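# Commentary on secondary and tertiary structure
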Amino acid sequence: MTIDDRPRIVGGGPKKLLYTVDTIRRMGVGKAAKALTAHNTCKACAYGMGGQKGGMTNELGEFPSVCNKSVQAQSTDIQPAIPNEAFLHPLSDLQQLSGREMEKLGRLNTPLFKAAGADRYEPVNWDFAIAHAAAQLKVTDPNRSFFYSSGRSSNEAGFVFQLLARVWGTNNVNNCSYYCHQATSEGLATTIGKGTATVELEDLTGADLIFVIGANPSSNHPRFIHMLKHCRDRGGDVIVINPAKEPGLVKFAVPKSPTSMLSGGTEIASDYLQPRIGSDIALFKGLMKAVLAIGAEDRSFIAQHTADFEALRADLEVVSWEEIETITGLSRTAIERVATRYANRQNVVFAWGMGMTHHLHGVENVEAIANLALLRGMIGKRYSGLLPLRGHSNVQGIGTIGVKPVVSEQVFVAMEQAFGVKLGRAKGLDTMAGLEAAARGEIDSAVIMGGNLWGATPDTAFASRAMAAIGFKLFLTTTLNRGHVHGLGAGEVLILPVTARDEEWSPTTQESMFNFVRLSDGGIERLDNVRPETVILCDLAKLLLPDSPVPFERFKEHRQVREVIAKVVPGLEQLADIDVAKREFHIKHRVMHTPEFSTRDGKAHFVVTPLPKAAAPLTLATVRSEGQFNTIIYEEQDSYRLKAGRDAIFLNREDMAAFGVRDGQRVTLASDTGRMEGTAMAFDLPRGSALAYYPEANVLCGTAVDPRSKTPAFKSVPVWIEA
Ligand code: SF4
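Because the structure is predicted, anything quoted here is derived from the model rather than measured.

The subject of this paragraph is the overall build of the chain. The helix and strand inventory of the chain stands at 29 helices and 29 strands. Whereas a compact globule of 723 residues would reach a radius of gyration of roughly 27 Å, the chain reaches 24 Å, a difference of no more than 12%. Taken along its principal axes, the extent of the C-alpha atoms in the chain is 70 × 60 × 50 Å. When each of the 723 residues of the chain is scored for burial, the buried share is 59%. Excluding contacts between residues fewer than 6 apart, the proportion of contacts in the chain whose partners are at least 24 apart in sequence is 78%.

This is the structure in structure tokens:
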């Protein structure tokens, strides 16, 4: 489908600019300026701003790179403390608050304790909190616990977190990527032998075509839009593949560009394909068939640097154009048109988001993207390659330093040698497996660092049941969210208030989606009773593991943690003196400017990806709004999608007519898992597709996971409209 409604829809623009200015004003201009320009990594997405170049500056040194998402994240941290009076209220009161209202309560500035059977939290002191947490863990069998971290925490806190768990006796260590990009790690491992982006930010500046697949960076990675605009300005193409026609990807009024602002926005997408939800593998097969028909494959690259091409070619011959058109809902002409654009370009970057990974076949989706790129030799050279658009600012780093159920034997051995300990090798539980074990009554304690695990989990009734069944929950957090007041059950809960990144007592590091490690100075003082996560974990370790040879007390100083990480985790050697040298760096052997693949035979592998079973007549994808970051809700209305409220149910207009549903009508969307009432809104979607906001629509999502990545299918849920 070509862009047919360009004049009417636009992202960014003066309203967004005014909103950002207003948010800064509400924070206080002085406080906001200090927070936004200090030498700390941006707290929101993993695109890559800040660090030693200073806030609002990207890896290329471009300043000022103001970003609404970054401002929103800061606005939360700059809030005053939640008044203690709030804790006089029973949980039943707090449970009435929306996600946004919870966020707006303020910063948590006291440890909170809920006794077994109690109906409310009470503020407690740190000594009690740490001693009680250690006592509870001491009576827990480590195998009946799990440790979960979001991507907010630093590399240093993450390393200590997983070390504490493993030395204590469990590998049940996981992170939020099991709900987002784990399929990327798995799909890239089979094809190119590594699990992260093959490009650095600079590669985007020379690409002449950028694919944006299953992602909405106008809301989720705002500064990436500038790279897309630059690509168009250079005469390049941007091809968007997304079932939903996202306004911000059609036109975007770029605040830094007066021309863009005054002209009502710059065209972002050169071409916009809207396949049916879940039909991407068929689309990629169609694109590859067309590339082969044109004869635009890179035969010499395929011969020298890849394996299994003939199996791929044979598979593409079997699938018919009729099948591809039926599955995708796209015409052969449209697919061939995009394939021709691809065939004519020399430097192509493939960027994708959770529209690819949130399926039961998420890994195969990623493998199919890699196939498409390899076909024209677009991996392993400058200005070309693969770019998974990662969510939270350090989600990639948390995985790199070992917050995952399995680390390599090399890392296990290195940790054992570094500390003189013996670590178990049993595979730990991933996130969903941990919750399923909890629901079966097999988890007694959980340590949860950041995030909103209850809210992020599919099937909200299941999430409540599973979390409630955990007898002791220990949360580390900067603010309260709905996950701190729902799914608590009758057991004990401790919530410990932590410093935000720019308040850390000693510098920390983070890793961007471009494999770039940044240093954050920390040091800003806002609240008087918060502590760094590493300090809390080390104090806990002292009581839980008093005889451990691991020098936890020393690890309160982050430099000591970095020195160990540099010895233990391959590629992070430069971490050892990063705070002295102030030299931020790309992790070795990740960015690929030559075709050297990390597979056993050194070649990239084409993978035959089977077509998934046909999508349901009406399939739901959960999505984020402009005023949201992961589970955090900053604004109730989505300024990029018709000012929709959080309960919007977006439908194709013809489907609405067929269902007898009017625009604005209250309807109930149902699935095998649950029901959700909301307001029907017509949106530019293919027939048979529906969108609703995450995490509210999690009531509809099932707990089945992609067997390879263990990621739930948040973006392909069979649903129907109830009468
Ligand atoms: S694009 Fe991402 S990293 Fe950059 S400022 Fe915005 S939220 Fe932060």
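Quick look at the domain arrangement of the chain now. Segmenting the chain into domains produces domain 1 (108-179 + 394-581), domain 2 (182-389 + 598-605) and domain 3 (619-722). Of note, the centres of domain 1 and domain 2, computed from C-alpha atoms alone, are 35 Å apart. Contacts between domain 1 and domain 2 engage six residues on the former and eight residues on the latter. Looking at side-chain class alone, the side of domain 1 that touches domain 2 contains three nonpolar, three polar and no charged residues.

This part is about the site of the ligand. Contacts to the ligand come from Cys-42, Ala-44, Cys-45, Tyr-47, Gly-48, Met-49, Cys-67, Lys-69, Ser-70, His-221, Pro-222 and Arg-223. Elements represented by at least two residues in the shell around the ligand include exactly helix 3 (68-77) and helix 11 (222-233). Tallied by class, the residues present in the shell around the ligand amount to seven nonpolar, three polar and two charged.

Let us now look at the packing of helix 23 (residues 431-439) against helix 25 (residues 460-468). The N-to-C vectors of helix 23 and helix 25 enclose an angle of 70°; their axes lie 7 Å apart at closest approach. Considering the angle they form, helix 23 stands roughly perpendicular to helix 25. Crossing geometry of helix 23 relative to helix 25 is assigned as left-handed. Across the interface between the two elements, Leu-435, Ala-438 and Ala-439 of helix 23 pack against Phe-462, Arg-465, Ala-466 and Met-467 of helix 25. Of the residues in the contact of helix 23 with helix 25, the class split is six nonpolar, no polar and one charged.

The next subject is the sheet that holds strand 18 (residues 516-520). In spatial order, the strands read 17-18-19; together these three strands make up an open sheet with antiparallel pairing. Because the sheet does not close on itself, it has two edges, and the strands there are strand 17 (508-511) and strand 19 (585-586). The sheet contact formed by strand 17 and strand 18 spans four bridges and is antiparallel. The partner of Glu-511 across the bridge, within strand 18, is Val-517.

Let us now look at the packing of helix 14 (residues 280-294) against helix 17 (residues 321-328). For the pair helix 14 and helix 17, the least separation of the axes is 9 Å and the interaxial angle reads 140°. Classified by the angle between their axes, helix 14 and helix 17 sit oblique to one another. Read as a crossing pair, helix 14 and helix 17 show a hand that is left-handed. Here helix 14 contributes Ala-282, Leu-283, Lys-285 and Gly-286 to the contact with helix 17, which in turn contributes Ile-324, Ile-327 and Thr-328. Classifying every residue of the contact of helix 14 with helix 17 gives four nonpolar, two polar and one charged.

As a further point, take unusual backbone geometry. With an omega dihedral of 5°, the bond running from Tyr-694 to Pro-695 counts as a cis peptide bond. For Pro-695, the location among the structural elements is in the loop between strand 27 (689-693) and strand 28 (717-718). With a phi close to 60°, Leu-642 is a non-glycine residue in the positive phi region. Tracing the backbone shows Leu-642 in the loop between strand 23 (632-633) and strand 24 (648-651). Of note in the backbone geometry, Lys-710 takes a positive phi value of approximately 65° without being a glycine. Mapped onto the secondary structure, Lys-710 falls in the loop between strand 27 and strand 28. You can call Lys-710 buried: it has 20 C-beta atoms within 10 Å.

As a further point, take the pairing of strand 6 (residues 209-213). By the criterion of burial, strand 6 is predominantly enclosed, with five of the five residues buried. Here strand 6 shows no split at all, with Leu-209, Phe-211 and Ile-213 on one side and Ile-210 and Val-212 on the other all buried. As judged from the five bridges shared by strand 6 and strand 7 (residues 237-241), these two strands associate in the parallel manner. Looking at the pairing, Val-212 lines up with Val-240 of strand 7. Pairing analysis gives five bridges linking strand 6 to strand 12 (residues 348-352), with the strands arranged parallel. Bridge pairing in strand 12 links Ile-210 to Val-349.

So, on to the environment of Pro-610. Examined against the element boundaries, Pro-610 turns out to sit in the loop between strand 20 (604-605) and strand 21 (619-623). In this structure Pro-610 comes out as exposed when scored by C-beta crowding, with 9 C-beta atoms within 10 Å. Put simply, Pro-610 and Ile-281 are 329 residues apart on the chain and 7.9 Å apart in space, counted from C-alpha to C-alpha.

Our next topic: the sheet that holds strand 21. Read from one edge of the open sheet, seven strands run 28-21-27-24-26-25-29, paired in mixed fashion. Bordering the open sheet on either side are strand 28 and strand 29 (720-722), each of which pairs with just one other strand.

If you look at the biggest cluster of nonpolar residues, it comprises 179 residues, and the most contacted ones within it are Ile-210, Leu-287, Phe-350, Ala-351 and Ile-369. Per-element accounting of this core gives the leading share, nine residues, to helix 20 (residues 362-375). Leave out the neighbours within four places in its chain, and Ile-369 touches Ile-213, Phe-284, Phe-350, Trp-352 and Met-356. Membership of the second largest hydrophobic core comes to 31 residues, among which are Ala-644, Met-681, Cys-701 and Val-717.

This next bit is on helix 3. Of all ten residues in helix 3, eight are buried, a share of seventy percent or more. Residues of helix 3 that are buried: Asn-68, Lys-69, Ser-70, Val-71, Gln-72, Ala-73, Gln-74 and Asp-77.

Our next topic: helix 14. Within an α-helix, residues lying three or four positions from one another point in the same direction, as the helix has 3.6 residues per turn. If you check helix 14, its first and last C-alpha atoms are 21 Å apart, about what 15 residues at 1.5 Å a residue would give, namely 21 Å. Taken across its 15 residues, helix 14 has twelve buried, putting it largely inside the fold. Three or more residues of helix 14 are buried, namely Asp-280, Ile-281, Ala-282, Leu-283, Phe-284, Lys-285, Gly-286, Leu-287, Met-288, Lys-289, Ala-290 and Val-291. Gly-295 sits one or two positions beyond helix 14 and adopts a positive phi of about 80°.

Our focus in this paragraph is the environment of Val-139. Within the element layout of this structure, Val-139 appears in the loop between helix 6 (126-138) and strand 4 (145-149). For the pair Val-139 and Ser-445, spaced 306 residues apart in sequence, the C-alpha to C-alpha distance is 9.5 Å.

Note that strand 24 and strand 26 (residues 675-682) share four bridges and pair parallel. Looking at the pairing, Ala-648 lines up with Thr-679 of strand 26. Pairing of strand 25 (residues 666-670) with strand 26 involves five bridges; the strand directions are antiparallel. Bridge assignment links Thr-668 to a residue of strand 26, and that residue is Glu-677. Adjacent in sequence and paired antiparallel, strand 25 and strand 26 are bridged by four residues.

This part covers the environment of Lys-473. Mapped onto the secondary structure, Lys-473 falls in strand 15 (residues 472-477). Expressed as a C-alpha distance, the spacing of Lys-473 and Asp-444, which sit 29 residues apart in the sequence, is 8.5 Å. For Lys-473, the residues in contact, after removing those within four places along its chain, are Ala-446, Ile-448, Gly-491 and Val-493.

Parameters and conventions
Each chain carries its own residue numbering, running from 1 in the written order of its sequence. The predicted nature of this model means local features are confined to residues of pLDDT at least 70 and side-chain atom pairs, given and counted, to a pLDDT of 80 or more, with totals for whole chains, interfaces and linings taken over all residues. Only DSSP runs of H or I covering at least 4 residues are called helices, and only runs of E covering at least 2 are called strands; the numbering of each starts at the N terminus. Throughout, the radius of gyration refers to the C-alpha atoms, and the reference size of a globule is 2.2 Å times the residue count to the power 0.38. Three exposure classes are used, based on other C-beta atoms lying within 10 Å of a residue's own C-beta, which is placed from the backbone: buried for 20 or more, exposed for 12 or fewer, and partly exposed in between. The contact rule is simple: place each C-beta atom from the backbone, and if two of them lie within 7 Å, those residues are in contact. For each domain, the first and last residues come from an automatic or database assignment. When residue character is reported, Ala, Val, Leu, Ile, Met, Phe, Trp, Tyr, Cys and Pro are called nonpolar, Asp, Glu, Lys and Arg charged, and the others, Gly included, polar. Each residue gets a C-beta atom placed from its backbone. Should that atom fall within 6 Å of a molecule or strand, the residue is termed near it. Lines fitted to C-alpha atoms define the axes, with helix axes restricted to the stretch in contact, and inter-axis angles between N-to-C directions lie between 0 and 180 degrees. Roughly parallel refers to an angle under 35 degrees, roughly antiparallel to one over 145, roughly perpendicular to one between 65 and 115, and oblique to any angle outside these ranges. The handedness criterion is simple: a crossing whose near helix is rotated anticlockwise from the far helix by less than a right angle is left-handed, and one whose near helix is rotated clockwise is right-handed. The pairing criterion for strands is at least two bridges between them, as found by DSSP. One nonpolar core equals one set of buried Ala, Val, Leu, Ile, Met, Phe, Trp, Tyr and Cys residues connected by C-beta atoms within 7 Å. In this analysis, the expected span of each helix is defined as 1.5 Å times one less than the number of residues it contains.

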